[in-house]
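Residue-level structure breakdown
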Amino acid sequence: MQPQALQTLAPEEPAYWSVPADELLSRLQTQPRGLSSTETEARLRDTGPNAIGRKGGATALAAFAQQFRSPLVLILMFAAVVSVFVGEGSEAVIIGIIVLASCVLSFTQEYGASRAMEALTARIARRTTALRDGKESSVAVEELVPGDIVRLSAGNLIPADGILLEARDFNVSEAALTGETFPVIKGPGVSAPEAQIGQRGNAVFTGTSVRSGTATMAVVQTGERTEFATIAAAIARSIPETEFARGIRRFGYLMTEIMLVIVILVFFANLLLERPAVDSLLFSLALAVGLTPELLPAIISVTLARGARAMAASGVIVRRLDAIENLGSMDILCTDKTGTLTEGTIRLDGCLDAKGVESDQVRLWALLNATLQSGMANPLDEGIAASRRADDDLSAYEKADEVPYDFIRKRLSVIVRRKDAADEDLLICKGAVQNIVEACSSVLSGSDIQPLDADQAHAIDNKVRDWSMQGFRVLGLAVRRRPRRESWCREDEAELAFAGFLLFLDPPKPGMADTLKAMAERGIKVKVISGDNRHVVGHLAEIIGLPHRNILTGEELAKLTKTALFARAARTDIFAEIDPNQKERVIAALRRRGHVVGYLGDGINDAPALHEADIGISVDSAVDVAREAADMVLLRRDLNVLLRGVDDGRRTFANTMKYIAITTSANFGNMVSMAIASLGLPFLPLLAPQILLNNFLSDIPSLAIATDNVDADQVRTPHRWDIGYVRRFMIAFGLVSSAFDFVTFGFLVLLAGATAQVFQTAWFVESLITELAIVLIVRTHKPFWQSHPGTLLSWLTLAVALVAFAIPYLPGADWFGFAPLPLPIMAGLAVITVGYLAASEVTKRWFFAREHRHAKRKRGV
């Protein structure tokens, strides 16, 4: 059988889930020890990467061709063709050159941005553990092939379709495929050939996730041949549109509607004035280009990509670009405490017996449990293992079995037996104290065993509360001895003897109080959502300066209705003793209150909360399920890293809004004025090629907005998209622009007595200079001389301004209909331009002062 045939099993062959494992391995030409590296390379060439829906990065040529699919570009190309047929060949050439230059400009920006994003996302590509050359190896998920043998454990996303060869308490969430909420138990065996996906108990599928246990699988189907790929279009998670993206889309619609109305009116009005039809058509279409923010997609792509690169340099990898604006708008961050607020290097501080006395026996049992368990790695077991001393000899014991941890029992049991007494097994159970006590019927007191009564249970609870209030995290440990047996299960965690306590200490990170203060200064409230004891979390919050008076426990939360939680969530400081499935409820309640909520999580059960949050944030060391659900991945679990990411997100938001401001001020005002003037003048204010050239030149500095400096006050508070703000800005600055446009028209016609050619040349220079200069005004809330623009923006603005003044005097200016301008006209234009900029500066100060008062009233300040 050739490698290609491994992926596409013949239709007459039985379904792979209905075939015994040995027979299927033979069909796949593999074995339990896995494939060789040479064989996997050959199969990968035949089957292709294990990826779904990935078309591969667009080639440069395809990306360039994409630019010509814009409706505006197609309209202009049509206009150029019409010009050729009516004998205006030179005009057609000019239009074609400007359109080509604009497409090249957009292409270079967007293509560079997409390449940069591919490089960033490659840094957090998923990996899995596969057997290669008989050894466990970390392998990129995309490199898996049919016949690979893969190890699975809690927290993993299933990387391909296949069957289970081994499994231990293996529970899989198949909600992505079947919609079934609860995990299903999986194990080796065979299923009926006609079994539906949810009934194939021996098979696992791409896109599902491991909730608990361990297993070994044989890969059968990869990539586009998996069950997930077959129904991907139907079950793919619909990523909600961000508030900013929705606002941008609506803004685009608004500008397009205004453009259509003006263009149609201008075209037919010019026809009624008996202007040449072709000139009127070209003028109207050129107005459409001038009115439409056609560079907005490129500006957003470039700005977001640059923001993503800046965030990557700060240690934040962006998986979904739209989330950058949401990060800048975030006003509540929900997080666990371990590793985020604390150092994350949990230290075992005490091994105590049931009376609270240090016990070497308890310490030995804890070491055996932590070092022999084979489930998901966790900081508590790492803390126990790190406490092992040189004289600790565990070699007298061997592991017999294991009952893995799950989030319902909140316990983990390891069964060991002494090598010199192999006729007896010892079950060592470790977990949350309350859950351990529930499985106990007695208490170890030295060498004696006493029944566990209410008084002893109360004494245990008091000890835990006292230690918790000192900042210790406490686990319980219990044991049970039984005659040797082949296997153990969850039901055997009964009638245990409570043996003692394990005390852990995870101190707060140095400087955490300062970091939280910086968060508060940026308008971000931090709320802790933790499964830890309320006293432990409250003690930590007090040390680091977090509010901690209002604490809601998981038990209390479970009794709240959706409406009641909506009322309490915003004023709750800490959510403690929370079950994983309650996190999503908390996030949803906060969002319903109108907050932009970020959630930082890295655990198996964090995926629903990460999906629910406006910004899902995980860490590079997180389990697969959490990383794939997140919008952003921190390379280090550090709030300072996230803080820098927030600042970068706000800078990105601010720079994107600058282009909106430019489009809705001079640009918009100039085009509207020109449309009105065309009805009153005996000639067109500007010829179509002049409008296109003006639009092209004014767009060049705009592409440098992504690199512009942002004032400190613009990153100090969260900013959200507000279409009302955009509309108010458009009216205020558009009116100022139009007012000075008519002043310019009056000067040129009434005072200077300009001919059509001189008028068009003067108006071209004036409108281009004002469009360039207004960028320097509206890019900052401060007086423009107090805020320095970015170097690239400054130089491009200066260069285009010099070109604007020089164009009428350059060779070939007559192709565009330009004529040299007399000195008096140039002087008059300079005076008008200075007046316009001064008026815009005054308008800006009035506008932003008014907006500030409006925002304060809205917040109720």
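Being a predicted model, the structure only gives us computed values, none of them experimental. (Residues numbered from 1 in each chain as written. Predicted model: local features only at pLDDT ≥ 70, side-chain atom pairs only at ≥ 80, totals over all residues. Heavy atoms only, no water.)

1. Quick look at the overall build of the protein chain
Summing up its helical and strand segments, the protein chain has 30 helices and 23 strands in all. For the protein chain, the residues scored as buried account for 54% of the 861 residues in total. Sequence separation of at least 24 residues holds for 74% of the intrachain contacts in the protein chain that already meet a minimum separation of 6. Per element, the accessible surface of the protein chain, about 37000 Å² overall, is 57% carbon and sulfur. (Helix = DSSP H or I, 4+ residues; strand = E, 2+ residues; numbered from the N terminus. Buried < 20%, exposed > 50% of the residue type's maximum accessible area, 1.4 Å probe, protein only. Contact = heavy atoms within 4.5 Å. Areas by Shrake-Rupley, 256 points an atom, 1.4 Å probe, with all protein chains shown as cover.)

2. Let's talk about the pairing of strand β15 (residues 448-451)
One ladder, built from four bridges, connects strand β14 (residues 440-445) with β15; its direction is antiparallel. When the sheet's bridge partners are listed, S445 is paired in β15 with D448. The hairpin turn running from β14 into β15, its antiparallel successor, is two residues long, and G446 in that turn takes a positive phi close to 65°. (Pairing = 2+ DSSP bridges.)

3. Section: the sheet that holds strand β22 (residues 615-619)
With mixed pairing, eight strands are arranged side by side in an open sheet as β8-β23-β22-β21-β9-β18-β20-β19. Edge positions in the sheet fall to β8 (316-318) and β19 (551-553), since each of these pairs with one other strand and no more. The mean inter-strand angle of the sheet, taken between neighbouring strand axes irrespective of direction, is 20°. One ladder, built from three bridges, connects β19 with strand β20 (residues 574-576); its direction is parallel. Note that in β20 the partner of I551 across the bridge is I574. (Axes fitted to C-alpha atoms, helices over the stretch in contact; angles between N-to-C directions.)

4. Things to note about the pairing of strand β2 (residues 135-140)
Two elements, strand β1 (residues 127-132) and β2, share six bridges in a ladder whose sense is antiparallel. In the sheet register, R127 faces β2, and the bridge partner there is A140. Connecting the antiparallel pair β1 and β2 is a turn made up of two residues, with D133 showing a positive phi of about 55°.

5. Focus: the pattern of salt bridges
Within the structure shown, the criterion is met by 31 salt bridges. Its salt-bridge partner being E612, residue R591 comes within 3.3 Å of it at the nearest N-O pair. Taken as a pair, R591 in helix α22 (residues 583-592) and E612 in helix α23 (residues 607-612) lie far apart in primary sequence, 21 residues in all. Of the residues examined, R591 reaches a relative accessible area of 33% and is grouped as partly exposed. (Salt bridge = Lys/Arg side-chain N within 4 Å of Asp/Glu carboxyl O.)

6. Re the packing of aromatic side chains
For the structure on display, the rule yields 17 aromatic pairs. A ring pair is formed by Y16 and W17, whose centres lie 5.1 Å apart and whose planes are at 80°; its orientation type is edge-to-face. In this structure, Y16 and W17 share a single accessibility class: buried. Relative to F847, the ring of Y725 has its centre 5.6 Å away and its plane inclined at 55°; by these criteria the two rings are tilted. (Phe/Tyr/Trp six-rings, centres within 6.5 Å; stacked < 30°, edge-to-face > 60°.)

7. Let's talk about the packing of helix α27 (residues 723-751) against helix α28 (residues 756-778)
Closest axis-to-axis distance for the α27/α28 pair is 11 Å, and the angle between their directions is 150°. Considered as vectors, α27 and α28 are oriented roughly antiparallel to each other. Handedness of the α27/α28 crossing: right-handed. When α27 is examined against α28, the residues F729, F733, D741, T744, F745, L748 and V749 are found in contact with a partner set consisting of F759, A762, W763, E766 and V778. Class assignment for the residues of the contact of α27 with α28 results in nine nonpolar, one polar and two charged. (Parallel < 35°, antiparallel > 145°, perpendicular 65-115°, else oblique. Left-handed = near helix turned anticlockwise from the far one by under 90°. Nonpolar A, V, L, I, M, F, W, Y, C, P; charged D, E, K, R; others polar.)

8. Looking at the nonpolar core
Judged by nonpolar contacts, the single largest core of 123 residues is most densely connected at L341, L639 and F764. Setting aside chain neighbours within four positions, we find F764 in contact with L686, Q690, L693, N694, L697, I807 and F818. Formed by 26 residues, the second largest nonpolar core is a distinct cluster that contains W365, L380, L475 and L477. (Core = buried A, V, L, I, M, F, W, Y, C linked by side-chain atoms within 4.5 Å.)

9. Comments concerning unusual backbone geometry
Located in the positive-phi region is Q29, a residue other than glycine, with phi close to 55°. Examined against the element boundaries, Q29 turns out to sit in the loop between α2 (21-27) and α3 (37-47). Within the chain, D133 stands out as a residue other than glycine whose phi angle is a positive 55°.

10. Considerations on helix α14 (residues 360-372)
Spanning 13 residues, α14 covers 18 Å between terminal C-alpha atoms, matching the ideal 18 Å at 1.5 Å per step. Every buried residue of α14 is accounted for by V362, R363, W365, A366, L367, L368, N369 and A370. Looking at where α14 begins, the residue whose side-chain oxygen comes 3.3 Å from the main-chain nitrogen of Q361 is S359. (Expected span 1.5 Å × (residues − 1). Polar contact = N/O pair within 3.5 Å; in protein donor to acceptor, adjacent residues only side chain to side chain.)

11. A few points about the packing of helix α26 (residues 688-702) against helix α29 (residues 791-806)
Between α26 and α29, whose axes approach to 8 Å, the crossing angle comes to 160°. One finds that α26 runs roughly antiparallel with respect to α29. Crossing of α26 over α29 shows right-handed handedness. Each of L697, I700 and P701 in α26 lies in contact with α29, whose residues at this interface are L793, L796, T797, V800 and V803. Class assignment for the residues of the contact of α26 with α29 results in seven nonpolar, one polar and no charged.

12. Some thoughts on the state of the cysteines
Applying the stated rule across the entire model yields zero disulfides. The thiol of C429 is not disulfide-bonded; the next cysteine sulfur, from C440, is found 7.5 Å away. Taking the relative accessible area as the measure of exposure, C429 reaches 0% and is therefore buried. (Disulfide = S-S within 2.5 Å.)

13. Description of a nonpolar patch on the surface
The grouping of L260, I264, F268 and L271 at the surface amounts to a nonpolar patch, some 360 Å² of accessible area in total. Mapped onto the elements, L271 comes out in helix α10 (residues 243-272). (Patch = residues over 30% accessible without salt bridge, like charges linked within 9 Å, V, L, I, M, F, W, Y side chains within 5 Å.)

14. Here's the deal with the side chain of T128
Within the fold, T128 resides in strand β1. Excluding residues that lie within four positions of it along the chain, T128 makes contacts with S137, S138, V139, V141, L144, V150, R151 and P159.

15. Remarks on the environment of A754
Positionally, A754 belongs in the loop between α27 and α28. Judged by its relative accessible area of 16%, A754 is buried. Distance in space between the C-alpha atoms of A754 and I825 is 8.9 Å, their sequence separation being 71 residues. In this structure, A754 is in contact with L748 and F759, ignoring residues within four places of it in sequence.

16. Examining helix α19 (residues 534-544)
Since one α-helical turn is 3.6 residues long, residues separated by three or four positions face the same way. V536, V537, G538, L540, A541 and I544 are the residues of α19 that are buried. In this structure, the buried residues of α19 make contact with α17 (454-469), β16 (473-483), α18 (512-521), β18 (525-529), β19 and β20. One or two residues past the end of α19 sits G545, with phi positive at roughly 90°.

17. Some details on the confidence of the model for the protein chain
The predicted model of the protein chain averages 82 in pLDDT, with 86% of residues at 70 or higher. In the model of the protein chain, helix α1 (residues 3-7) stands out as the element of lowest mean pLDDT, 44, in contrast to strand β17 (residues 496-505), which has the highest, 94. Here residues 1-8 is a poorly scored stretch, pLDDT under 50, and it has 22 contacts once near neighbours within four places are set aside; other chains count. For the stretch residues 233-237, pLDDT sits under 50, and the model shows four contacts to residues farther than four places along the chain or on other chains. (pLDDT = per-residue confidence, 0-100.)

18. What to know about the environment of A130
Along the chain, A130 falls in strand β1. Beyond its immediate sequence surroundings of up to four residues, A130 is in contact with K135, E136, S137, V139, L144, I149 and V150.

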